[in-house]
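The residues making up each chain are set out below.
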Amino acid sequence: GQQVKQSSPSLTVQEGGISILNCDYENDMFDYFAWYKKYPDNSPTLLISVRSNVDKREDGRLTVFLNKSGKHFSLHITASQPEDTAVYLCAAGAGYQNFYFGKGTSLTVIP
Amino acid sequence: EAAVTQSPRNKVAVTGGKVTLSCNQTNNHNNMYWYRQDTGHGLRLIHYSYGAGSTEKGDIPDGYKASRPSQENFSLILELATPSQTSVYFCASGDWGDEQYFGPGTRLTVL
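Not measured: the values here are computed from a predicted model. (Residues numbered from 1 in each chain as written. Chains lettered and ligands numbered in written order. Predicted model: local features only at pLDDT ≥ 70, side-chain atom pairs only at ≥ 80, totals over all residues. Heavy atoms only, no water.)

## So, the sheet that holds strand 8 (residues 73–78) of chain B
All names here are of chain B.
Next up, step 1: With antiparallel pairing, the four strands of this open sheet are ordered in space as 1-3-8-7. Both edges of this open sheet fall to strand 1 (4–7) and strand 7 (65–67), since each of them pairs with a single strand only. Across this sheet, the average inter-strand angle for adjacent strands is 20°, counted without regard to direction.
Next up, step 2: Pairing of strand 7 with strand 8, which is carried by three bridges, proceeds in the antiparallel orientation. Of the residues in strand 8, the one forming a bridge with Lys65 is Ile77. (Pairing = 2+ DSSP bridges. Helix = DSSP H or I, 4+ residues; strand = E, 2+ residues; numbered from the N terminus. Axes fitted to C-alpha atoms, helices over the stretch in contact; angles between N-to-C directions.)

## Quick notes on the sheet that holds strand 6 (residues 56–59) of chain A
Next up, step 1: Taking strand neighbours across the sheet as the criterion, the five strands line up as 1-3-8-7-6 (chain A) in an open arrangement whose pairing is antiparallel. Because the sheet does not close on itself, it has two edges, and the strands there are strand 1 (4–5) and strand 6 of chain A.

## Concerning the interface of chain B and chain A
Next up, step 1: Counting from both sides, the interface comprises 20 residues of chain B and, opposite them, 19 residues of chain A.
Next up, step 2: Here chain B meets chain A over a buried area of about 1600 Å², counting both sides, of which 55% is carbon and sulfur.
Next up, step 3: The largest per-residue losses of area from chain B upon contact with chain A belong to B:Leu43, B:Trp96 and B:Gly97, which jointly make up 32% of the total buried on that side.
Next up, step 4: A salt bridge links B:Arg107 to A:Asp41; the shortest N-O distance between them is 2.9 Å.
Next up, step 5: Along the contact surface separating chain B from chain A lie five residue pairs in polar contact (both at pLDDT 80 or more).
Next up, step 6: Of all the secondary-structure elements, those providing two or more residues to the side of chain B that touches chain A are strand 4 (31–38), strand 5 (42–49) and strand 10 (100–102) of chain B. (Contact = heavy atoms within 4.5 Å. Buried area = accessible area lost by both parts, 1.4 Å probe. Salt bridge = Lys/Arg side-chain N within 4 Å of Asp/Glu carboxyl O. Polar contact = N/O pair within 3.5 Å; in protein donor to acceptor, adjacent residues only side chain to side chain.)

Given below as structure tokens:
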């Protein structure tokens, strides 16, 4: 089965609004959670990551929320801008194991 | 800065032909990965390695082989290419439970 799921393939947000991207995972042993950003014809790059010992991490306009009991984590982008338009991939993994990536959510920020 | 390079960047192959995709990293990471990205599937792990001389099967290894002759180099080999292997292939390097650094990708078309 799919270890990491992004249920929304696409999301459209008005410029200045909050973009909320969601990810669910299967394995409650996962202890590393990350969000990658990917532009068309480019490779994924890490945006932000958290370990399982925290519930929240902020970095500028980005905040990751981790809900371990619900096996869910999300990325909030405040003051969304047109340059945030991209595909966002969530990833999760555990210790000495590989990551599992979600299928991605395509975010479009409308000016 | 982390550096992962791939060659070739674009490749057109014929069905039944042999294709070798190469990846080089200067990060001194132990782990290296080969993914393919297809619309609707996100990133799927084909093979990975946790050090020179090791190769391990990922989630979709059928039709692919891998080779890790050194810490820096990791190759993906398609012995008998098929049209279903037309895709964009990404190599990445990283350490367990930490960020993965991706190469620029190789666009492979099998006719």
